[in-house]
Amino acid sequence: MEAIPTAVCLTSYAGESEDFLRTPLEELAEQIAAGSLRVQIGKVFRLDEIVEAHRCMEENKAGGKIVVLT
């Protein structure tokens, strides 16, 4: 953690696969659709822009979640 610069955001997952499978994804999607769970979208990229998306993430310039459309 000491190698991560100040003001850089890091998201990680440390659970097991069984923990992830218990995540209520459908409920979360319903809350997002209803507007009761707000997710700040920073930038949206197409799959062929994955290099730019990764660069944006590394430079911490998204201003929210990065979405890659397949």
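Refer to the structure printed above.
The structure presented is a predicted model; accordingly, all values stated were derived computationally and were not measured.

Rules used throughout
- Starting from 1, residues in each chain are numbered consecutively following that chain's sequence as written.
- In keeping with the predicted nature of the model, local features appear solely for residues at pLDDT of at least 70, side-chain atom pairs appear and are counted solely at 80 or more, and the whole-chain, interface and lining totals rest on all residues.
- As a rule here, side-chain values come from all non-hydrogen atoms in the structure, and water together with hydrogens is ignored.
- In DSSP terms, a helix is any run of H or I states spanning at least four residues, a strand is any run of E spanning at least two, and both are numbered starting from the N terminus.
- Within these notes, the globule rule equals 2.2 Å times the number of residues to the 0.38 power, and the radius of gyration is based on C-alpha atoms.
- Only protein chains enter the accessibility calculation, which uses a 1.4 Å probe; a residue whose area is less than 20% of its type maximum is buried, one above 50% is exposed, and one in between is partly exposed.
- Should any heavy atoms of two residues lie within 4.5 Å, those residues are counted as being in contact.
- Note on areas: Shrake-Rupley, 1.4 Å probe, and residue coverage restricted to the protein chains presented here.
- Counted as positive: Lys and Arg. Counted as negative: Asp and Glu, with His and the chain ends omitted from the count.
- In plain terms, the charge of a residue is placed at NZ if it is Lys, CZ if Arg, CG if Asp and CD if Glu.
- Two strands pair if DSSP finds at least two bridges between them.
- Seen with the strands pointing away from the viewer, any crossover whose path from the first strand over the helix to the second strand runs clockwise is right-handed.
- Salt bridges are identified by distance alone: a Lys or Arg side-chain nitrogen within 4 Å of an Asp or Glu carboxyl oxygen.

Attention now goes to the overall build of the chain. For the chain, the count of helices and strands is 3 helices and 2 strands. Start at the N end of the chain and walk to the C end: the helices and strands fall as α-α-β-α-β. Its C-alpha atoms give the chain a radius of gyration of 15 Å, clearly above 11 Å, the size a compact globule of 70 residues would have. Taken across its 70 residues, the chain has 6% of its residues classed as buried. When contacts within the chain are restricted to residue pairs at least 6 apart in sequence, those whose partners lie at least 24 apart make up 25%. A total accessible area of about 6200 Å² is found for the chain, and carbon and sulfur atoms account for 56% of it. If you average the places of the 7 positive and of the 12 negative side-chain charges in the chain, the two averages end up 10 Å apart.

Further remarks concern unusual backbone geometry. In this model, asparagine 60 sits at a positive phi of 55 degrees, which is unusual for a non-glycine residue. Position of asparagine 60 among the secondary structure elements: in the loop between helix H3 (50-58) and strand E2 (65-69). Using a relative accessible area of 35% as the deciding quantity, one classes asparagine 60 as partly exposed.

Before going further, it helps to examine the pairing of E2. Each regular strand carries side chains that alternate between the two faces of the sheet. Pairing of strand E1 (residues 41-46) with E2 involves 5 bridges; the strand directions are parallel. By the bridge assignment for E2, arginine 46 is matched with leucine 69. For the crossover from E1 across H3 to E2, the handedness is right-handed.

Another point: the pattern of salt bridges. Pairing between side chains becomes possible if they bear opposite charge and their charged atoms approach one another. All told, the structure shown has 4 salt bridges when counted by the stated rule. Note that arginine 46 is salt-bridged to aspartate 48, the shortest N-O span being 3.2 Å. Between glutamate 59 and lysine 61 there is a salt bridge, with its nearest N and O atoms 3.4 Å apart. The partly exposed category is assigned to glutamate 59, whose relative accessible area is 43%. Residue lysine 61 is classed as exposed on the basis of its relative accessible area, which comes to 54%. When salt bridges that share partners are traced, they join Arg46, Asp48 and Glu49 into one network.

That is the geometry; function is a separate question.
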